[in-house]
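Take a look at the letters that make up each chain.
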Amino acid sequence: MACTPWFCVGMGWLPISLGIMISATFVISYSISVGLQHVPAEFPYISDTGTYHPESCIFGQLLNISAALAFMTIYVRYKQVEEYNREASTQVIKVNKVSLVLGGLACLGMSMVANFQETSILVVHIIAANMCFGLGIIYCYLQTWISYRMVPFYTTMHSFRVQLVLSTTAASGLILTSIFAGLANMKWTGTDPTKWSPDEGGFAEHIVSTVSEWVLAISFLLFFFTYIREFQKVTIEAHLRLYTEDLEPINQVIH
């Protein structure tokens, strides 16, 4: 049976797998939490859908896997850019290294969000969310700039423009989420932040904040999808080097 190009050419399967895993995380945890009436159906915060048991277990496990896939995607992109610019712009190489570090920290934040629920350790949860979203947005902008520098030899102007729109949308979502979350909390009179009802004050601001967070998350997901076409041009090989019992390297390298 022949493989379809979208899933089997090069490393294109990696950002697709990331998209599937993140989508599954959101859909499953949302469905369970709403079904068990742990959160309202009207746009809860993403982390609210993974706060209570049993959905918190599923949310944490799947989001940890998503964080690992995200870092793999970021690393493959790093190696791709490095290879394309090995004998070209040193500025691109430096920015690419910085983006790898920031992207890795954003993935660490994603994993921490999964493991430290807001009802358990709120401070750590907030720090992790800022790492994931804040550093993630900087990563997206840096990679967008790199894409621009690689036009027209290794990418297209269309891809650059799409990445720029998605990065700006994500940044706007983060700003709106933060501002309206603060305004909503100032007006809120309830007791359970995961079950915000219209009569508790600040409900409109709360909805704007939660919708903005969902837009932010979807923008991140779509940004990684822009790598699919470029990753189809990339393959990765593992090299195995043998050593003697005295830990002396054997010259032969096994592919």
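Definitions and cut-offs
Residues numbered from 1 in each chain as written. Predicted model: local features only at pLDDT ≥ 70, side-chain atom pairs only at ≥ 80, totals over all residues. Heavy atoms only, no water. Helix = DSSP H or I, 4+ residues; strand = E, 2+ residues; numbered from the N terminus. Buried < 20%, exposed > 50% of the residue type's maximum accessible area, 1.4 Å probe, protein only. Contact = heavy atoms within 4.5 Å. Areas by Shrake-Rupley, 256 points an atom, 1.4 Å probe, with all protein chains shown as cover. Axes fitted to C-alpha atoms, helices over the stretch in contact; angles between N-to-C directions. Parallel < 35°, antiparallel > 145°, perpendicular 65-115°, else oblique. Left-handed = near helix turned anticlockwise from the far one by under 90°. Nonpolar A, V, L, I, M, F, W, Y, C, P; charged D, E, K, R; others polar. Patch = residues over 30% accessible without salt bridge, like charges linked within 9 Å, V, L, I, M, F, W, Y side chains within 5 Å. Salt bridge = Lys/Arg side-chain N within 4 Å of Asp/Glu carboxyl O. Polar contact = N/O pair within 3.5 Å; in protein donor to acceptor, adjacent residues only side chain to side chain. Phe/Tyr/Trp six-rings, centres within 6.5 Å; stacked < 30°, edge-to-face > 60°.

Engineer: What is the right way to read the overall build of the protein from this model?
Structural biologist: Secondary structure summary: the protein contains 8 helices and 2 strands in total. Along the protein, helices (α) and strands (β) appear in the sequence α-α-α-α-α-α-α-α-β-β when read from the amino end. The principal-axis extents of the C-alpha atoms in the protein amount to approximately 70 × 45 × 40 Å. Here the protein, with 255 residues, has 45% of them falling under the buried criterion. Across the protein, every contact between residues at least 6 apart in sequence was considered, and the portion connecting residues at least 24 apart equals 67%. Counting every atom, the protein has about 13600 Å² of accessible surface; 67% of that belongs to carbon and sulfur.

Engineer: Any chance you could explain the environment of Lys94 here in plain terms?
Structural biologist: Turning to its location among the elements, Lys94 is positioned in helix 4 (residues 90-115). Separated by 15 residues in the primary sequence, Lys94 and Lys79 place their C-alpha atoms 13 Å from one another.

Engineer: When you look at the packing of helix 6 (residues 157-187) against helix 7 (residues 203-225) in this model, what are you seeing that I'm missing?
Structural biologist: Helix-helix packing is described using two parameters, namely the angle between the two axes and the distance between the axes. The interhelical angle for the contact between helix 6 and helix 7, taken along N-to-C directions, is 155 degrees, at an axis separation of 7 Å. What the angle tells us is that helix 6 and helix 7 run roughly antiparallel. Two packed elements cross with a definite hand, and for helix 6 against helix 7 that hand is left-handed. For the contact of helix 6 with helix 7, the residue count by class is 13 nonpolar, 9 polar and 3 charged.

Engineer: Can you help me understand a nonpolar patch on the surface in this one?
Structural biologist: Nonpolar side chains collect at one region of the surface, where Ile175, Ile179, Leu183 and Met186 lie side by side and expose about 420 Å² of accessible area between them. If you trace the backbone, Met186 turns up in helix 6. The exposed category is assigned to Met186, whose relative accessible area is 69%.

Engineer: Is there a simple way to explain the side chain of Ser167 in this structure?
Structural biologist: One can find Ser167 in helix 6. Polar contacts involving the side chain of Ser167 include one to the side chain of Thr144, which spans 3.2 Å. For Ser167, the contacting residues outside a window of four places in its chain are Ile137, Cys140, Tyr141, Thr144 and Phe223.

Engineer: How should I be thinking about the packing of aromatic side chains in this particular structure?
Structural biologist: Each aromatic ring pair is specified by the distance between its two centres and by the angle formed by the two planes. Taken as a whole, this structure holds 11 aromatic pairs when the rule is applied. For the pair Phe223 and Phe224, a centre-to-centre distance of 6.5 Å together with 90 degrees between the ring planes defines the contact as edge-to-face. An aromatic cluster is built from Tyr139, Phe223, Phe224, Tyr227 and Phe231, whose rings are joined through pairwise contacts.

Engineer: Can you walk me through the side chain of Ser111 in this structure?
Structural biologist: Tracing the chain through its elements places Ser111 in helix 4. A polar contact of 2.7 Å, which involves the side chain of Ser111, links it to the side chain of Asn64.

Engineer: Please clarify how the environment of Ser159 should be interpreted in this entry.
Structural biologist: Along the chain, Ser159 falls in helix 6. Between the C-alpha atom of Ser159 and that of Cys140, which follows or precedes it by 19 residues, the distance is 13 Å. Not counting chain neighbours up to four residues away, the residues in contact with Ser159 comprise Thr226 and Glu230.

Engineer: What is the right way to read the packing of helix 2 (residues 13-35) against helix 7 from this model?
Structural biologist: Between helix 2 and helix 7, the least distance of the axes is 8 Å, while the angle of their chain directions is 160 degrees. When the axis of helix 2 is compared with that of helix 7, the two are roughly antiparallel. Crossing hand, helix 2 versus helix 7: left-handed. On helix 7, the residues that touch Pro15, Ile16, Leu18, Gly19, Ile22, Ser23 and Phe26 of helix 2 are Trp214, Ala217, Leu221, Phe224 and Phe225. Of the residues contributing to the contact of helix 2 with helix 7, the split by class is 10 nonpolar, 2 polar and no charged.

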